Amino acid sequence: MGAEEERPTAGTSPGGIEASGAGLGEISPPAPCVMVIFGAAGDLTHRELIPSLYELASKGLLPEPFAMVGYSLGDYDDESFRDAMRKSVQEQCSFREETWRHLAGGLHFVAGDFKSEDGYRRLSKRLEEVRKQRGIPDNVFFHLAAPPPFFGPIVEHLDASGLARAEDGWRRLVIEKPFGEDRSSARELNGRIRAVFDEEQIYRIDHFLGKETVQNMLVFRFANPAFEPIWNRNYVDHVQITVAEDLGIGTRAGFYEETGVVRDMVQNHLLQLLCMTAIEPPVTFDASSLRDETVKVLQAAEVTPFDPERDAVRGQYGAGTEEGRDVVGYRGEDDVDPGSTTPTFAALKLTLDNWRWEGVPFYLRTGKRMKRKLTEVAIQFRPTPHLMFQVDDRDDLSGNVLAFRLQPEEGILQQFVAKQPGPTIRLRSVTMNFGYATAFGVEEPPRAYAWLILDVMEGDQRLFARSDWIDHAWSVVDPLIDCWESSAPSDFPNYEAGSWGPAASDELLARDGRSWRAL
Ligand code: BG6
């Protein structure tokens, strides 16, 4: 973690909080600061940001002192905002009154419009008061959890109101995804932001990078001598990246109708997983080396762009069942256009033109309302060149697979072939399983967002996308978006809720003599 200043070390935190989480190792809380959330009345604040602050507080990892000032349209005052947040935390976290009270005392709300000068004046005044009251130095980070069209205007108002400049401390900016809606709009947005903040102050967040297993993919490869030598085209047959969700779009129709699966999931989460899988060893584990290498993965994907007609499949869920209950199709969801052509599923085949991965396909798929919530990266190794044992059907042996499971039950699975007990040599595929909970006794590790918020407080940019990464990621997916937006699908809805997606997604792999893993 890139500390900039001297920090208090963890000890007994106020509120009777455990000083460092069991199994999480010794960590010190960062220096005092204020978080300002734009969009504090919105879904992300309820679902992720405040529960993350609570989880940090309960592990003794929140700065002391600390405050959060929320800014948004809404009828809240401090008290009613705290009540609403309390409910979210109670629903999602193991709740302790004492910890909550300690956190809640530092939560404030300022009602205002993202484009109102008066609103920013009031925000600035309140920020000053809160800092003085709690004795917090001029360290402030702004988390833009507002709808993406407001990102540019918010940054410009931060500039005009003077909030973007620190008298004697630091300013940082956290921006949610999607960053832009294609490469040219991302460049334009980046230009507007860079006119106010330096790249070192900007944290483009992708919460997948905060998931333990994603970071463990790097540790697994680069801290163990056994795997890196086989991590290449000589041993790897292909890679499958699956991000399946069982839920539909819930109450997010307004956002999703505009965004669709490619901008919501592929351009960011799936491409980050691709990069973490295919990355070359960075020289050091600092933000610059690590991010240089992830950009190179995308550059390798751009050499021979995939053909959207041939190498990609889109889908939209129809009605079906989820956990035994009937659910409506996408077009029947609240506030969705009944003739909507927005894709909720995508599968694609990418190749990386570089020395390591030449000829190895990377199959990516993601969708809403699929059979179960499951995220994994699976490395399928090549079969043995010669099998001296008698087997009835070689296809029954799914061979060596190494799977990084991001959720549920984070861990690593190694599938290999073993002899079935008995007098004759019979072969079976079996699985060896490493799970975080059992190995480290961390039943409830803080959520990905919590780690990333902590990184922002620490000034550590390693797990945040740099502007050039965003640029290349759009280059990879822009042709797909153009192709899909210029030709309306004739077969939507084309997969049933509660299934593994459209049949064409299976055909994409079947053409290459492969199939998706049975999950
Ligand atoms: C978000 C997307 O970034 O990630 C959502 O906007 C998606 O549509 C979510 O549901 C998935 O995150 P997780 O951590 O639940 O897999």
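Given the structure is predicted, the values throughout are model-derived calculations rather than measurements.

(A) Highlighting the site of the ligand. Residues in contact with the ligand, as listed here, are K177, H207, F208, K211, E245, R252, D264, M265, H269, K368, K373 and Q407. Considered class by class, the residues forming the shell around the ligand number two nonpolar, three polar and seven charged.

(B) Local environment of unusual backbone geometry. In this structure, the amide linkage connecting E64 to the following residue, P65, adopts the cis form with an omega of 0 degrees. The residue P65 is located in the loop between α1 (43–58) and β2 (66–72) in this model. In the segment running from K177 into P178, the intervening peptide bond is cis, with an omega of -5 degrees. For P178, the location among the structural elements is in the loop between β5 (171–175) and α6 (183–194). One non-glycine residue with positive phi stands out, namely E323, at about 45 degrees. When you line up the elements, E323 lands in the loop between β9 (317–322) and β10 (325–327). E323 sits in the exposed class, given a relative accessible area of 78%.

(C) Broad picture of the side chain of D264. Locating D264 in the fold gives a position in helix α8 (residues 253–278). Of the residues examined, D264 reaches a relative accessible area of 2% and is grouped as buried. Setting aside anything within four residues of it in sequence, one finds D264 in contact with K177, R252, F255, Y256, T259, H269 and K368.

(D) The pairing of strand β1 (residues 33–38), seen in detail. Counted residue by residue, β1 has six buried out of six residues, so it is predominantly covered. Side chains C33, M35 and I37 project from β1 onto one buried face, and the interleaved V34, V36 and F38 project onto a second face that is buried too. Pairing geometry for β1 and β2, over six bridges, is parallel. From the neighbouring strand, I37 faces β2, where its bridge partner is G70. Between β1 and its parallel partner β2, the chain crosses via α1, and the hand of that crossover is right-handed.

(E) Just helix α4 (residues 117–134), in detail. With 18 residues, α4 ought to run about 26 Å at 1.5 Å a step, and its terminal C-alpha atoms sit 26 Å apart, in line with that. Looking only at α4, the buried set comprises G119, Y120, L123, L127, V130 and R131. In a view along the axis of α4, the buried residues occupy a sector of 100 degrees, so they form one face of it. Facing away from the buried surface of α4 by more than 90 degrees, the exposed residues are E117, R121, K125, K132 and Q133. Once α4 ends, the next one or two residues include G135, with phi positive near 70 degrees.

(F) Looking closely at the packing of aromatic side chains. One pass over the structure, following the stated rule, counts 25 aromatic pairs. Centre to centre, the rings of Y76 and F81 are 5.6 Å apart; their planes meet at 70 degrees, and the pair counts as edge-to-face. On the basis of relative accessibility, which here comes to 25%, the residue Y76 falls in the partly exposed class. You can call F81 buried: its relative accessible area is 0%. Ring geometry for Y256 and Y330: centres 6.0 Å apart, planes at 65 degrees, overall edge-to-face. Of this pair, Y256 sits in helix α8 while Y330 sits in the loop between β10 and β11 (345–350), and the two are 74 residues apart along the sequence.

(G) A look at the pairing of β2. Of all seven residues in β2, seven are buried, a share of seventy percent or more. Of the two faces of β2, the one lined by F66, M68, G70 and S72 and the one lined by A67, V69 and Y71 are each fully buried. By the bridge criterion, five bridges tie β2 to strand β3 (residues 107–111) in an arrangement that is parallel. Its bridge partner lying in β3, M68 is registered against L107.

(H) Summary view of the sheet that holds β10. Reading across from one edge, β10-β9-β17 is the order of the three strands in this open sheet, with mixed pairing throughout. Each edge of the open sheet is held by one strand with a lone partner, namely β10 and β17 (495–497). Across the sheet, the mean angle separating the axes of adjacent strands is 25 degrees when strand polarity is ignored. Direction of pairing for β9 relative to β17: parallel, over a ladder of three bridges. When the sheet's bridge partners are listed, G320 is paired in β17 with A497.

(I) Broad picture of the pattern of salt bridges. As enumerated under the stated definition, the model contains 37 salt bridges in all. Among the ionic pairs, E245 bridges to K368, the shortest N-O distance being 2.9 Å. In this pair, E245 is assigned in the loop between β7 (236–244) and α8 and K368 in the loop between β12 (362–367) and β13 (374–381), connecting sequence segments 123 residues apart. Of the residues examined, E245 reaches a relative accessible area of 16% and is grouped as buried. Taking relative accessible area as the criterion, K368 reaches 5% and is therefore assigned buried. The shortest N-O distance in the salt bridge between R462 and D460 comes to 2.7 Å. Accessibility expressed as a relative area gives 18% for R462, which makes it buried. Since its relative accessible area comes to 6%, D460 is described here as buried. Each of D78, E79, R82, K125, R126 and E129 takes part in a single network of salt bridges with overlapping partners.

Parameters and conventions
Residues numbered from 1 in each chain as written. Predicted model: local features only at pLDDT ≥ 70, side-chain atom pairs only at ≥ 80, totals over all residues. Heavy atoms only, no water. Near = heavy atom within 4 Å. Nonpolar A, V, L, I, M, F, W, Y, C, P; charged D, E, K, R; others polar. Helix = DSSP H or I, 4+ residues; strand = E, 2+ residues; numbered from the N terminus. Buried < 20%, exposed > 50% of the residue type's maximum accessible area, 1.4 Å probe, protein only. Contact = heavy atoms within 4.5 Å. Pairing = 2+ DSSP bridges. Right-handed = clockwise from strand over helix to strand, strands pointing away. Expected span 1.5 Å × (residues − 1). Arc of directions from axis to C-beta. Phe/Tyr/Trp six-rings, centres within 6.5 Å; stacked < 30°, edge-to-face > 60°. Axes fitted to C-alpha atoms, helices over the stretch in contact; angles between N-to-C directions. Salt bridge = Lys/Arg side-chain N within 4 Å of Asp/Glu carboxyl O.

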